[in-house]
Amino acid sequence: MRRPIWILLAGCLAVALAVEVTARLAFDRGSKIQRRMAEEYQTARTIGTGAPDGRTRVLFVGNSLLDEDVRFDRLHDAVAAHWDARRFVVEQTFYYDWYYALKRLFREGARPDVVVLMLSTRQWLRTETRGDYSAYYLMGTRDLPEAVRDLNLNATQAANLAFANVSKFWGARAEMRNFLIGHVMPDLGRLMAFSSTADTTPLVDDAVELDARERIARLNALVSGHGGRLLIVLPVLAEPRDGSAGFMRAAQAEHVSTLRPVPSGTFGLHLYRDAGFHLNPQGAAAFTEQLIPALRRAAAPDPDPAPQAVTPPSVGPAPASARDYGRGVS
Amino acid sequence: MFFDTPIYAAFLALVVLAYWRLGWRRQNVLLLVASYVFYGWWDPRFLALIGASTIIDFYCARAIAGSTDARRRRVLLAISLVINIGFLAAFKYFNFFMDSFAATLEAMGFHHAPVAVLQILLPPGISFYTFQEVAYIVDVYKGKLEPADSLVDYALFISLFPHLIAGPIQRPSHLLPQVQNPRRFDSERCFSGLLLILSGLIRKTVIADNCALLADAAFSGRLGTPNLAVVAIGTYAFAWQIYGDFSGYSDIARGSAQLLGFHFMVNFRQPYLATSLQDFWRRWHISLSTWLRDYLYIPLGGSRDGERRTYRNLLLTMLIGGLWHGANWTFVVWGGIHGAGLSIERFVRRVFGRAEEGSASLTSAGAWASRIVVFHLVCLAWVFFRASSMRDAFVFLRGLGTLAWLPEYGIAFRFLALFSVPLFLIDLFNEARGEEYLFETAPDMRRVAAGVAMMAVVALLAANQLNAFIYFRF
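Keep in mind that this is a model prediction, so the values were computed, not measured.

1. A short note on the pattern of salt bridges
Residue and element names in this part refer to chain A. Summed over all chains, the structure comprises 47 salt bridges over all chains. Among the ionic pairs, E68 bridges to R273, the shortest N-O distance being 2.5 Å. With E68 in helix α3 (residues 64-69) and R273 in the loop between β5 (257-259) and α14 (281-298), the pair connects residues that are 205 residues apart, well separated along the chain. Residue classification places R273 among the partly exposed positions, given a relative accessible area of 46%. Residue R107 pairs with D143 through a salt bridge whose shortest N-O separation is 2.8 Å. You can see R107 sitting in helix α5 (residues 95-107) and its partner D143 sitting in the loop between α7 (132-137) and α8 (144-150), a full 36 residues away along the chain. One connected set of salt bridges, linked through shared partners, spans K103, R107, D143, E146, D150 and R218.

2. Some points on the interface of chain A and chain B
Counting from both sides, the interface comprises 35 residues of chain A and, opposite them, 45 residues of chain B. Inspection of the chain A/chain B interface yields two salt bridges. Residues B:E408 and A:R190 are paired through a salt bridge, measuring 3.2 Å at the closest nitrogen-oxygen approach. In this assembly, chain A and chain B are joined by six residue pairs in polar contact (both at pLDDT 80 or more). By residue number, the principal contributor to the side of chain A that touches chain B is helix α1 (residues 3-30) of chain A, which donates 10 residues.

3. Describing the side chain of B:R203
Residues and elements named next belong to chain B. Turning to its location among the elements, R203 is positioned in helix α9 (residues 187-219). Separated by 3.4 Å, the side chains of R203 and Y243 make a polar contact. Here R203 is in contact with A208, Y243, G244, D245, S247, G248, D251, L423, I426 and D427, once residues within four sequence places are set aside.

4. Focus on the sheet that holds strand β4 (residues 229-233) of chain A
Residue and element names in this part refer to chain A. With parallel pairing, the five strands of this open sheet are ordered in space as β2-β1-β3-β4-β5. Both edges of this open sheet fall to β2 (83-89) and β5, since each of them pairs with a single strand only. When strand polarity is set aside, the average angle formed by the axes of neighbouring strands in this sheet is 20 degrees. Across five bridges, the pairing between strand β1 (residues 56-62) and strand β3 (residues 114-118) is parallel. Bridged to F60 within β3 is V116. On top of the sheet, helix α4 (residues 72-79) reaches β1 and β2; it is set at about 160 degrees to β2, its chief contact. Where helix α12 (residues 205-225) meets the sheet, it contacts β3 and β4, and its direction lies at approximately 140 degrees from that of β4.

5. Here we look at the state of the cysteines
According to the stated counting rule, one finds zero disulfides over all chains in the structure shown. Between B:C379, a free cysteine, and B:C211, which holds the nearest cysteine sulfur, the sulfur-to-sulfur gap is 12 Å.

6. Observations concerning the packing of aromatic side chains
Residue and element names in this part refer to chain B. The final tally for this structure, using the stated rule, is 70 aromatic pairs over all chains. Seen in terms of ring centroids, F415 and F419 are 5.1 Å apart; in terms of plane orientation they differ by 65 degrees. Their pairing is edge-to-face. Placement of the pair is F415 and F419 together in helix α17 (residues 407-433), with a separation of four residues, close to one helical turn. Judged by its relative accessible area of 1%, F415 is buried.

7. Focus on a nonpolar patch on the surface
On the surface, a cluster of nonpolar side chains totalling about 480 Å² of accessible area is made up of B:I344, B:F347, B:V348, B:V351 and B:F352. As for its position among the elements, B:V351 is in helix α14 (residues 329-351).

8. Here we look at the environment of B:L259
Residue and element names in this part refer to chain B. Here L259 is to be found in helix α10 (residues 228-259). Accessibility expressed as a relative area gives 9% for L259, which makes it buried. Spatially, the C-alpha atom of L259 lies 7.1 Å from that of R189, the residues being 70 residues apart in sequence. Contacts of L259, omitting those with residues within four sequence positions, involve L12, V16, W20, C190, L194 and I197.

9. Here we look at empty space enclosed by the protein
Where empty space is left becomes clear once a probe the size of a water molecule has been rolled over the atoms. This structure, assessed with the given rule, holds four cavities of 30 Å³ or more. For the largest cavity, the calculated volume is near 120 Å³. In terms of lining residues, the largest cavity is bounded by 14 residues, among which B:R203, B:D251, B:V266, B:F268 and B:E436 are the most central. Put simply, the parts of the chain that give the lining of the largest cavity at least two residues each are α9 and α10 of chain B. Looking at the lining of the largest cavity element by element, the count peaks at five residues for α10(B). Looking at the lining of the largest cavity residue by residue, the classes come out as four nonpolar, four polar and six charged. Around the second largest cavity, the lining residues are A:S120, A:T121, A:R122, A:D199, A:T200, A:T201, A:L203, A:L237, A:E239, A:R241, A:D242 and A:F277.

Conventions we followed
Residues numbered from 1 in each chain as written. Chains lettered and ligands numbered in written order. Predicted model: local features only at pLDDT ≥ 70, side-chain atom pairs only at ≥ 80, totals over all residues. Heavy atoms only, no water. Salt bridge = Lys/Arg side-chain N within 4 Å of Asp/Glu carboxyl O. Helix = DSSP H or I, 4+ residues; strand = E, 2+ residues; numbered from the N terminus. Buried < 20%, exposed > 50% of the residue type's maximum accessible area, 1.4 Å probe, protein only. Contact = heavy atoms within 4.5 Å. Polar contact = N/O pair within 3.5 Å; in protein donor to acceptor, adjacent residues only side chain to side chain. Pairing = 2+ DSSP bridges. Axes fitted to C-alpha atoms, helices over the stretch in contact; angles between N-to-C directions. Disulfide = S-S within 2.5 Å. Phe/Tyr/Trp six-rings, centres within 6.5 Å; stacked < 30°, edge-to-face > 60°. Patch = residues over 30% accessible without salt bridge, like charges linked within 9 Å, V, L, I, M, F, W, Y side chains within 5 Å. Areas by Shrake-Rupley, 256 points an atom, 1.4 Å probe, with all protein chains shown as cover. 1 Å grid on protein atoms, 1.4 Å probe; cavity = no way out; pocket = protein on both sides within 12 Å on 5 of 7 lines; lining within 4 Å. Points joined across faces, edges and corners; volume = space filled by probe spheres on them. Nonpolar A, V, L, I, M, F, W, Y, C, P; charged D, E, K, R; others polar.

Spelled out as structure tokens, the structure:
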């Protein structure tokens, strides 16, 4: 075979190795979001591993809704006397991301007394994950076959998931690309924010109740199997018919506490930073002040799993067909 | 198995390594098994369909060639065509025709007519391998081709994995002899095959998938209600997306084939530098346009029976070509625009007594004016190709009459330029030098450097989407 072929193959291999090494050594340090995520992951995996200090160890997990709707510094300070509260946020994540992330965290030794998961009902019910990123950062290798079944992946997608699970470059390549393009076009984020829309199609409570129950039970079994308690927080969305009533009925049937500090549809649009999905700082402050007492009550030794709010009267457009959980921003 | 995934890279590497260690007959068996694994990777049930049509055509062709009875030959040809087109119609067009029939009844006042709908999956690549099978059986019938002696050879000709899903549609006279004769390892062919694969990966994962982000946002309404800027962003983005996507696929297919010692026909030659629609179709999806010419346009009469018949034949060919792409009226309209455009072009050329152009100069202002007009006509047709319904297409195009501007549109245009301008410049470079891909004729070390640079660009700038190639669905 001619020499140039070998040089070309060696060059391509060198590029592949270089990006893998760069991803492993530099990426989590170079990107602000990755650095924050890596730090939170480290604190999450060590929760409950040290000597007990008498405080309840509470792990908050979720996506951008937890990041933006909850002022965690305020919450942390408010409960610090009784709780060792830690947070692990990964944007664009859904139920299955957290099911497998918690599985991996437990396996790595994390032992929180309480796990607080904050997702919208739609995010609970969508059968997807953050893809390659989750495969590397959130999933354990031994969970991949189960994840493939849960997510109904085809053979190509399954192979991709397995590859992303072992290659940090492959898992994080979208973020690396965004990082690079973001440097070439610093205002690109503005376009992305402009062109991303949350699915605000109303949800049908009965369908949500039916679909959510198995998932709540499964996550609850995972958490309680490792000595913890599951607590669910529902965000406040602008669309009142977010399926939360049905979701809370499902949670109640599974004896899982669900907090809805502020029912959806009750905050004015001026408290949101987008079209009714993520709160702005003012909205987050208001939401957090409602969340803190609700959390204190729910995390008390003898919790009342009953829903803590009722669904406001239905208004607005007709509900989507049952079980269509569509697309959404997280 | 998509071409832009690690599993395909591993699959191709394994096949190539094993392949060149075997003798010719065993190579064919290995490739056939590998091709069926590749195809069955989507859904093993699809193998039954391709297997059945392969066996039927193989024996029909042999029976046609072995018979001197004209009537029997015609019957056998008809059986083969009916089965091939029947499979295609059942899997791809049945629901489309039934829906259209129901809509017609509805329009005539027959409400809620009971119309059957099949819940079936479209087997990937069925349009491509059906066309290849039709070409084979017709060529054998016409005596242009000897039928294959070996079922393995014929099955491999139909299913060879680099072209199986989305072409290039291979002519029997070109590919079958390559299957039937020993291939020799050619390091230059291997080297350029690797470069073609890298070039294809850039076109697909860097250019097409990034442009797709904008096209999807514009066509789905995420850039706001359609206006002139949104229509321009969406249409231009889709134009570069589909070009990058399909030419990228073709490059990877051709490159993969070259690693195995095969040669596939060129499928794209700088189509957006075309100076007329006729020129465009000599540069775009060449394997399809020449197939349509040889197996549809010419059998319909071509340009032999006068001008009016020629216009009709052009229009019919392009309408059917449009429908071949997908079971939706939007594809028919897409084909109709091209068919009408080709007919008008021919009419104008005849009225003004202008000869058909050859390759236009890159420095002529007139040629550039023609290029801009043709590009925009092609873009107009792409709107129908991309839209999910006729209504969506018209709503989108209605935005042309609305002027509005937001700063985000400027960012979108810059993002589009970031990915489309390099491809345009590469096309200019290739056109000027008469090359198929960048640095095709450069010294080896420059080609190696280009290849490594392409690998780095793919690694760092590929949009992270497990997007099927657009033509996979056809």
